[in-house]
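Spelled out from the first residue to the last, the chains are:
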Amino acid sequence: MTYAFMIEPQDFIALDNEDELIEKCQEWGLLSGKATKLKTFYYKGNGLNMPCTIIGYVDHMAAVIQLDNGQKHCIHPSYLKEMQASSYSARSIGTAGSDRSTEPSTSDTVAPGTPADVTPAPDTLANLDEVPADLDDSDDTDTDEFSSGLKGDPDGLVEEYVGPQTGASSEAKPKAKTASKAKTLKIDLPEGKVKMSAVVKEFTTVPNHFSDNDDEVIIYEAVTITEPDVIDVGEAWSSHSATVKKQELEVGDVITFEAKIIKKKLTRNPVPYKINNPSKIQKED
């Protein structure tokens, strides 16, 4: 049996390693900080109550789960966390009827507090320049190109997966024409993990509208892809995750690592590229 409400990810970062999956679940609050094993998670939206498996993420605002029938679905981690409460089932089933009656193409908003997965209409698409930085690992481009991601209500109870966007955003933002004059040539980024080097430039925070705390990020300069081909990237940023914190980095540190780099602008900052899941981090003397 297939479900029409499912929001299939167009592309996502797989979490094949159990340690990485546990760490990501801890960041999302789905597991305690002391957890060493995974547990069974349940999807209770749209009147369902069935086990699901977390297989990856589009960004920190969009976990990717897989149901028993093999269908993949994008869901906000805070929404999934609420579903784990034993009292959630009765609340969600009570509103399931109204969820199914909602036509996503007739409105670009959803009533707050309604726990429904809504597939967005084309005219509801928006870019992610204002998405919290640590909550986003998806590919994103500048304002005059397509963007993808997730948006939801302030309570995190309603998520809406936003697919690729075309030239409409550039027409809606005339200011982008001035900014484009300062842009350098576009960089053809590799798709998979690559070896890189960078210099720590700054530690900062950006707002997270789905949490009481801001997200910690690191801004790097002199970012270079060293293998398989040498590419000068310039500035990039990454989440200041628990894995990175173990390195006790300081401003000015030169580091080498392996990671995937994508085009994703930092919230309220002109840094255009994001470093995802850096591993094998080493500080150079």
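Not measured: the values here are computed from a predicted model.

Novice: Lay out the confidence of the model for the protein chain with the relevant residues and their values.
Specialist: Parts of the prediction with low pLDDT should not have their coordinates interpreted in detail. On average, residues of the protein chain score 73 in pLDDT, and 66% of them reach the 70 mark or higher. Residue range residues 90-184 is modelled with pLDDT below 50. Its contacts to residues more than four positions away, or to other chains, number 201 contacts.

Novice: Can you tell me about the environment of Asp59, naming the residues and giving the values?
Specialist: Locating Asp59 in the fold gives a position in strand E3 (residues 50-59). In sequence terms Asp59 and Cys74 are 15 residues apart; their C-alpha atoms lie 9.9 Å from each other. At 2.8 Å, the side chain of Asp59 and the backbone nitrogen of Met61 are in polar contact. Within the structure, Asp59 has its side chain in polar contact with the backbone nitrogen of Ala62 (distance 2.8 Å).

Novice: Account for the pattern of salt bridges, naming residues and giving values.
Specialist: According to the stated counting rule, one finds five salt bridges in the structure shown. Note that Glu27 and Lys24 form a salt bridge whose closest N and O atoms lie 3.6 Å from each other. Here Glu27 pairs with Lys24, and both are found in helix H1 (residues 18-28), just three residues apart, close to one helical turn. By relative accessible area, which is 30% here, Glu27 ends up partly exposed. The exposure class of Lys24 is buried, given its relative accessible area of 7%. Put simply, Glu216 and Lys245 hold a salt bridge, and the shortest N to O gap is 3.0 Å. Remark: Lys245 occurs in helix H7 (residues 242-245) and Glu216 occurs in strand E10 (residues 215-227); sequence separation between them is 29 residues. Residue Glu216 is classed as partly exposed on the basis of its relative accessible area of 37%.

Novice: Hey, could you go over the packing of aromatic side chains for me, with residue numbers and the actual values?
Specialist: Applying the stated criterion to the full structure yields four aromatic pairs. Judged by centre distance (6.1 Å) and plane angle (10°), the ring pair of Phe5 and Tyr43 falls under stacked. Separated by 38 residues along the polypeptide, Phe5 in the segment before strand E1 (13-14) and Tyr43 in strand E2 (residues 41-43) bring together distant segments of the chain. According to the relative accessible area criterion, Tyr43 is buried, its value standing at 0%.

Novice: Can you explain H1? Please cite residues and give values.
Specialist: Because an α-helix completes one turn every 3.6 residues, residues spaced three or four positions apart along the sequence face the same direction. For H1, the set of buried residues is Leu21, Ile22, Lys24, Cys25 and Trp28. Relative to the axis of H1, the buried residues are bounded by an arc of 165° and lie together on one face. The N-terminus of H1 is capped by Asn17, whose side-chain oxygen sits 2.7 Å from the backbone nitrogen of Asp19. Just downstream of H1 lies Gly29, where phi reads positive at about 85°.

Novice: Give a description of the pairing of E10 that names residues and reports values.
Specialist: On a regular strand, one side chain projects to one face of the sheet and the next to the other, so that they alternate. Summarising the sheet, strand E9 (residues 194-206) and E10 pair through ten bridges and their orientation is antiparallel. Bridging across to E10, Thr204 finds its partner in Val217. Strand direction decides the pairing type here: E10 and strand E11 (residues 231-239), joined by seven bridges, are antiparallel. Each residue of the ladder has a partner; that of Val217, found in E11, is Ser239. Between E10 and the antiparallel strand that follows it, E11, lie three residues.

Novice: Go over unusual backbone geometry, please, and point to the residues and values.
Specialist: Here Glu227 and Pro228 are connected by a cis peptide whose omega angle stands at 5°. Considering the arrangement of structural elements, one finds Pro228 in the loop between E10 and E11. With phi around 55°, Asn46 is a residue other than glycine that occupies positive phi space. Its place among the elements puts Asn46 in the loop between E2 and E3. The backbone of Glu248 sits at a positive phi, close to 50°, despite the residue not being glycine. When you line up the elements, Glu248 lands in the loop between H7 and strand E12 (254-263). Overall, Glu248 belongs to the exposed group, its relative accessible area being 62%.

About the cut-offs
- Residues numbered from 1 in each chain as written.
- Predicted model: local features only at pLDDT ≥ 70, side-chain atom pairs only at ≥ 80, totals over all residues.
- Heavy atoms only, no water.
- pLDDT = per-residue confidence, 0-100.
- Contact = heavy atoms within 4.5 Å.
- Helix = DSSP H or I, 4+ residues; strand = E, 2+ residues; numbered from the N terminus.
- Polar contact = N/O pair within 3.5 Å; in protein donor to acceptor, adjacent residues only side chain to side chain.
- Salt bridge = Lys/Arg side-chain N within 4 Å of Asp/Glu carboxyl O.
- Buried < 20%, exposed > 50% of the residue type's maximum accessible area, 1.4 Å probe, protein only.
- Phe/Tyr/Trp six-rings, centres within 6.5 Å; stacked < 30°, edge-to-face > 60°.
- Arc of directions from axis to C-beta.
- Pairing = 2+ DSSP bridges.

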